[in-house]
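Each chain is listed here by its residues.
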Amino acid sequence: MLFRLDSAELTAGAARTIAAAAAEVTAGGPGPLTVTGHTDSTGSGAHNQALSQRRARVVAGALRVRLADGGDRRMTVVAKGESEPVVPNDSAANRALNRRVTIAFRERRAAPAAAAGPAVLPRTAGEQGRAPDGVEVALPLNRGTIRFVPGTATVRGPFLLVNLLARNTGDRKATILDLLGQGVFTVRDEFDPYARYGAAGVRLLHGDTAAYGLDYELEPGRHRCLCDRLLNQAIPPGSEQVLSLWFPAPPAGTRTVTIDVPDRLRITDVPVT
């Protein structure tokens, strides 16, 4: 979890990461864990030591609330101050990476992964459908109705291409706008006010893995999605728009994947070729 300068307040991105970490810790089985706070080199050593402890404590508190056995699990909170930077504190981007809290635990599964049953998809409050029919979504704020239909997911070397068809099934113009986006703090916890208005929030679910679309680095600490960045153009009735989505390729032999936008829409059984 990353933090803003001289702050121990959780960002939206950190809160999402804690929720994901809680799910992993729970799946890993009972056992102790360690929450460790760090800072960059800005400020005095004493100030940074206290700041790293506040950061670790706020993460530990948020994590305990989300753990079903949080009250019984032994949790150690450690403050490292500026003593263990993950990268040199020689630039603003690097200092941002050092303002962090880590969660460490030892996985204790009752059975090997190969013997486990099929992975259960995370819960969603969004509209759900299956390929090839897709899912129809009534857009908020009376922006029309769109049916999202995935094409075949095609492996291209180490990547997977999914062409997602957005078809206007209503009788007036439809605007996707922010339905498929992320927050202004992305999953990388980078500030991007335009991340809400593209397709950067679409993720690929396979087994117990969730992967967001590929992105590229403009400069250290600043990424942009390899996808439609602005979906603010209206789609006329009966018309379609193709959204090309690139993801890391799933393991060889994968037959189907799931396309998901958290709590907005989900399409299962997308075939892989």
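Residues numbered from 1 in each chain as written. Predicted model: local features only at pLDDT ≥ 70, side-chain atom pairs only at ≥ 80, totals over all residues. Heavy atoms only, no water.

A. Quick look at helix H2 (residues 45-66). Compared with the 32 Å implied by 1.5 Å per residue over 22 residues, the 32 Å span of H2 between its first and last C-alpha is a close match. Among all positions in H2, only Asn48, Leu51, Ser52, Arg55, Ala56, Val59, Ala60, Ala62 and Leu63 are buried. Buried residues in H2 make contact with helix H1 (12-28), strand S1 (33-37), strand S2 (75-79) and strand S3 (101-105). (Helix = DSSP H or I, 4+ residues; strand = E, 2+ residues; numbered from the N terminus. Expected span 1.5 Å × (residues − 1). Buried < 20%, exposed > 50% of the residue type's maximum accessible area, 1.4 Å probe, protein only. Contact = heavy atoms within 4.5 Å.)

B. Region of interest: a nonpolar patch on the surface. On the surface, a nonpolar cluster with roughly 270 Å² of combined accessible area is contributed by Tyr216, Leu218 and Leu226. The exposure class of leucine 226 is partly exposed, given its relative accessible area of 42%. (Patch = residues over 30% accessible without salt bridge, like charges linked within 9 Å, V, L, I, M, F, W, Y side chains within 5 Å. Areas by Shrake-Rupley, 256 points an atom, 1.4 Å probe, with all protein chains shown as cover. Salt bridge = Lys/Arg side-chain N within 4 Å of Asp/Glu carboxyl O.)

C. A look at the nonpolar core. Phe148, Ile176, Leu180 and Leu265 are the most contacted members of the largest nonpolar core, which has 30 residues in total. Here this core gets four residues from one element, more than from any other, and that element is strand S8 (residues 159-168). Among all residues touching leucine 265, those that are not within four sequence positions of it are Gly126, Glu127, Val135, Val137, Phe148, Leu179, Leu180, Ile259 and Asp260. Of all hydrophobic cores here, the second largest spans 16 residues; its members include Met1, Val25, Val35 and Ala60. (Core = buried A, V, L, I, M, F, W, Y, C linked by side-chain atoms within 4.5 Å.)

D. Summary view of the side chain of histidine 223. By the secondary structure assignment, histidine 223 is in strand S12 (residues 222-225). Its relative accessible area of 15% is what places histidine 223 among the buried residues.

E. Main features of the pairing of strand S15 (residues 265-271). Extensive coverage of S15 is indicated by the burial of five of its seven residues. Across four bridges, the pairing between strand S4 (residues 127-130) and S15 is parallel. Residue pairing for S15: glutamate 127 is matched across the bridge by leucine 265. Taken together, the five bridges between strand S14 (residues 256-261) and S15 define a ladder with antiparallel strand orientation. Looking across to S15, one finds that valine 257 is bridged to valine 270. (Pairing = 2+ DSSP bridges.)

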